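Descriptive structure summary
Listed here are the chains, written in short residue letters.
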Amino acid sequence: MAQVSLQPSVRPRPSVAKKTAYAANQIAVNMLWQACNAVAVYDYVAYHGVSAVRLSTGLIVYGVLNALFNLVAGHVSDRTKTRFGRRIPYVAVASIPYAVCFALLFSPPRLTQAGLVVYFLAMTFLFDLAFTFAALNANALYPEMYADPRDRAYVSALQQVFGIVGLIAGVALSKSLGQSLGWSRMAWIFAAVAIASMYVSLWGSFETGDPVEPFRWREALWETFRNRAFLWYVVASFLVQFTTTLFTTASSFYTSYVVRLSPLQNSLFLGGIFVVAMPVAFVWARAAIRYGASRSAMVAIALYACIEALLLVDRSPASVLATGLLLGVPVAGFMVLLNMLLAEVIDLDARRTGRRREGMYLGVNGCIVRLGLSLQYAVMAIFFAVSGYRAGASVEPPSAVEGFRLLLGLVPALFLAGAFLCMRVYDRMRSL
């Protein structure tokens, strides 16, 4: 079997400027994606009066179908051969529709309620499809470009710093800016920033090339799911990202009906998470080098579950803001460590198969994470149906208020317990 080198020998180590430029793509990746998760459903339900149950039900079906596109996008990327590389052309082309579709999602025409549901699902699908090709290929460059563990940890931390900037804008500012400037204007501003950051990232990107013939579709899937380390990793990652995405989506309702926060306080609550996470990201990177990424991830998972449980008892804006600051510590761990763990899994596969297949692994990982979004929407749909939530109402019944407490404070702990166990198995398997 042909062997692939994990340590590129034909290129010098990238400069700090190149590393920084490459990492800037995380502004675009996180800002638009997180803003869509944080406020898109809230905008259509609270401001356009769309049925939350109908919207959530449609998103379940959409999520399952769109998850499959991650597999296709990853495999196509691995098999692409152009003079510009495998990944870079997709980033260059897909970045513009990714940003434009986001802006159009928040700029709906005047339609009936049923028409708004169809428009929302259609624009979300197109946005997510463009996101898949842009983000998957941008992230697929990371394991190939940075094989040295210290470079990999440093660049991962840099990515998270830029990613946190995007998260602060997407999660913390999108709601307040949408309410003050208008949802459409906010979205077009975000779209322009996203395009700029993706093209800055291209300046710092390169590909080492892979002379080995890639797998065909069936063989690629078979080899991917034969990798037991990947299976344990991806289940843990799925459960972690399900809980963080659920938090992102449900927090707008929590801070509107459970513990009411002003637009400024809401920005401080969500923004505080990521302000804390920014410097802590480098601490997690050092911990990963010293203790291992998987062991560090177990600590982050346990810490996140304990801190989020505080939302069960928070009663004042001050206590909610304090909880948000504490959440920044484990969130920084997830952002740095999951990235490093997937790169580690890809390296192990390259040693076993003789081929680098970042695209397929990111595609399968993305597919499973998207199925997690469908699970999230299923949980939300059940909650809306049984809690007595009333779309557009200024005051919700006690059942809905207490339901939001359980949704953010208790439900995540159940899924995080599974994530911890999976990561523990991965750590033992990796140590053998």
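The structure we're discussing is the one just above.
Here the residue index of a chain counts from 1 through its sequence in written order. Residues qualify for local features only when their pLDDT is at least 70, as the model is predicted, and side-chain atom pairs are given and counted only at 80 or more; totals for whole chains, interfaces and linings, by contrast, use all residues. Side-chain metrics rest on all non-hydrogen atoms present in the structure, leaving aside hydrogens and water.

Focus on the overall build of the chain
Stated formally: Numbering of helices and strands runs from the N terminus, with a helix taken as a DSSP run of H or I at least four residues long and a strand as a DSSP run of E at least two residues long. We take the radius of gyration over the C-alpha atoms and set the globule estimate at 2.2 Å times the residue count to the 0.38 power. The rule is simple: take the accessible area with a 1.4 Å probe, protein chains only, and divide by the maximum for that residue type; under 20% is buried, over 50% is exposed, in between is partly exposed. In short, Shrake-Rupley with a 1.4 Å probe defines the accessible areas, and a residue's cover is counted only from the protein chains shown. His residues and chain termini do not enter the charge count, which takes Lys and Arg as positive and Asp and Glu as negative. For charged residues, the charge sits on one atom: NZ in Lys, CZ in Arg, CG in Asp, CD in Glu.
When its secondary structure is counted, the chain shows 15 helices and 0 strands. For 432 residues, the compact-globule estimate of 2.2 N^0.38 gives 22 Å, and the chain sits close to it at 21 Å. Counting only C-alpha atoms and orienting by the principal axes, one finds that the chain spans roughly 65 × 45 × 40 Å. A total of 432 residues make up the chain; the buried ones form 60% of that total. Carbon and sulfur atoms provide 68% of the accessible area of the chain, an area that totals close to 17000 Å². If the 35 positive side-chain charges of the chain are averaged to one point and the 20 negative ones to another, these points end up 1 Å apart.

Some remarks on empty space enclosed by the protein
Convention followed: Site definitions follow a grid-based scheme: protein atoms alone, a 1 Å grid, a 1.4 Å probe that fits but cannot get out for cavities, and for pockets an open set with protein on both sides within 12 Å along at least five of seven lines, plus lining residues having an atom within 4 Å of a point. Grid points are joined across faces, edges and corners, and a volume is the space filled by probe spheres set on the points.
Within this structure, the stated rule accounts for 6 cavities of 30 Å³ or more. As a volume, the largest cavity reaches approximately 990 Å³. Contributing to the lining of the largest cavity are 38 residues, with Val-29, Asn-30, Trp-33, Gln-34 and Gln-241 lying nearest its centre. For the lining of the largest cavity, the elements supplying multiple residues, two or more each, are helix 2 (25-47), helix 5 (113-145), helix 6 (149-181), helix 9 (228-258), helix 10 (263-291), helix 12 (317-353) and helix 13 (358-387).

Let's talk about the pattern of salt bridges
This is how it is decided: Definition used for salt bridges: Asp or Glu carboxyl oxygen within 4 Å of a side-chain nitrogen of Lys or Arg.
One pass over the structure, following the stated rule, counts 5 salt bridges. Lys-19 is paired through a salt bridge with Asp-151; the nearest N and O atoms lie 3.1 Å apart. Within this pair, whereas Lys-19 is found in helix 1 (residues 16-23), its partner Asp-151 is found in helix 6, the two being separated by 132 residues in sequence. A single burial state applies to Lys-19 and to Asp-151, both of which are buried. The closest approach of N and O atoms between Asp-427 and Arg-295, which form a salt bridge, is 3.3 Å.

Some points on the layout of surface pockets
Inclusion rule: Under this grouping Gly is polar, as are all residues other than the nonpolar Ala, Val, Leu, Ile, Met, Phe, Trp, Tyr, Cys and Pro and the charged Asp, Glu, Lys and Arg.
Quantified by volume, the largest pocket comes out at close to 420 Å³. Every element with two or more residues in the lining of the largest pocket is listed here: helix 6, helix 10, helix 11 (293-308), helix 12 and helix 15 (411-431). For the lining of the largest pocket, the leading source of residues is helix 12, giving 4 residues. The class makeup of the residues in the lining of the largest pocket is 7 nonpolar, 3 polar and 7 charged.

What to know about helix 1
Note that an α-helix has 3.6 residues per turn; residues three or four places apart therefore point the same way. Quick reminder of the rule: Here, two residues are considered to be in contact whenever any of their heavy atoms come within 4.5 Å of each other.
Three or more residues of helix 1 are buried, namely Lys-19, Ala-21, Tyr-22 and Ala-23. Here the buried face of helix 1 lies against helix 2, helix 5, helix 6 and helix 7 (183-203).

A short note on the state of the cysteines
By definition, a disulfide is the covalent link that joins the sulfur atoms of two cysteine residues. How we decide: In what follows, a disulfide is any cysteine sulfur pair within 2.5 Å.
Throughout the structure, instances matching the rule amount to 0 disulfides. Here Cys-101 stays free of any disulfide, with the sulfur of Cys-36 as its closest cysteine sulfur at 11 Å. Cys-101 sits in the buried class, given a relative accessible area of 11%.

Section: a nonpolar patch on the surface
Just so we agree on the cut-off: Like-charged residues are merged into a patch within 9 Å and nonpolar side chains (Val, Leu, Ile, Met, Phe, Trp, Tyr) within 5 Å, provided each residue has over 30% relative accessible area and no salt bridge.
Taken together, the side chains of Val-16, Tyr-154 and Phe-282 present a nonpolar region at the surface, about 250 Å² in accessible area. As for its position among the elements, Val-16 is in helix 1.

Some words on the packing of aromatic side chains
Where we set the bar: Two rings belonging to Phe, Tyr or Trp (six-membered ring only in the last case) form a pair when the distance between their centres is within 6.5 Å. Interplanar angles under 30 degrees mark stacking, angles over 60 mark edge-to-face geometry, and anything in between is tilted.
Enumeration according to the criterion identifies 18 aromatic pairs in this entry. Ring geometry for Phe-106 against Trp-183: centres 6.2 Å apart, planes inclined by 20°, an arrangement best described as stacked. Within this pair, whereas Phe-106 is found in the loop between helix 4 (88-105) and helix 5, its partner Trp-183 is found in helix 7, the two being separated by 77 residues in sequence. Given a relative accessible area of 2%, Phe-106 falls into the buried group. Linked through ring pairs, Trp-33, Tyr-98, Phe-102, Phe-106, Phe-127, Phe-131, Trp-183 and Phe-190 together constitute an aromatic cluster.

Let's talk about the side chain of Ser-77
Applied cut-off: Polar contacts here mean pairs of N or O atoms no more than 3.5 Å apart (in protein, one a potential hydrogen donor and the other a potential acceptor; neighbouring residues in sequence count only if both atoms are side-chain atoms).
Mapped onto the secondary structure, Ser-77 falls in helix 3 (residues 52-79). Side-chain polar atoms of Ser-77 contact the side chain of Arg-87, separated by 2.6 Å. Those residues in contact with Ser-77 that sit more than four places away from it in its chain are Arg-86, Arg-87, Tyr-90, Leu-136 and Asn-137.

Notes on the packing of helix 9 against helix 14 (residues 398-409)
To keep it simple, the criterion reads: Comment: axis = line fitted to C-alpha atoms, over the contacting stretch for helices; angle = value between 0 and 180 degrees taken between N-to-C directions. Oblique is the label for every angle not falling under 35 degrees (roughly parallel), over 145 degrees (roughly antiparallel), or within 65 to 115 degrees (roughly perpendicular). Each crossing gets its handedness from the near helix: less than a right angle anticlockwise from the far helix is left-handed, clockwise is right-handed.
In contact at an axis separation of 10 Å, helix 9 and helix 14 are set at 150° when each is read in the N-to-C sense. With respect to each other, helix 9 and helix 14 are oriented roughly antiparallel. Two packed elements cross with a definite hand, and for helix 9 against helix 14 that hand is left-handed. Across the interface between the two elements, Leu-246, Phe-247, Ala-250, Ser-251, Phe-253, Tyr-254, Tyr-257 and Val-258 from helix 9 touch Val-401, Phe-404, Arg-405, Leu-407 and Leu-408 from helix 14.

Fair warning: the whole summary comes from geometry, so function is off the table for now.
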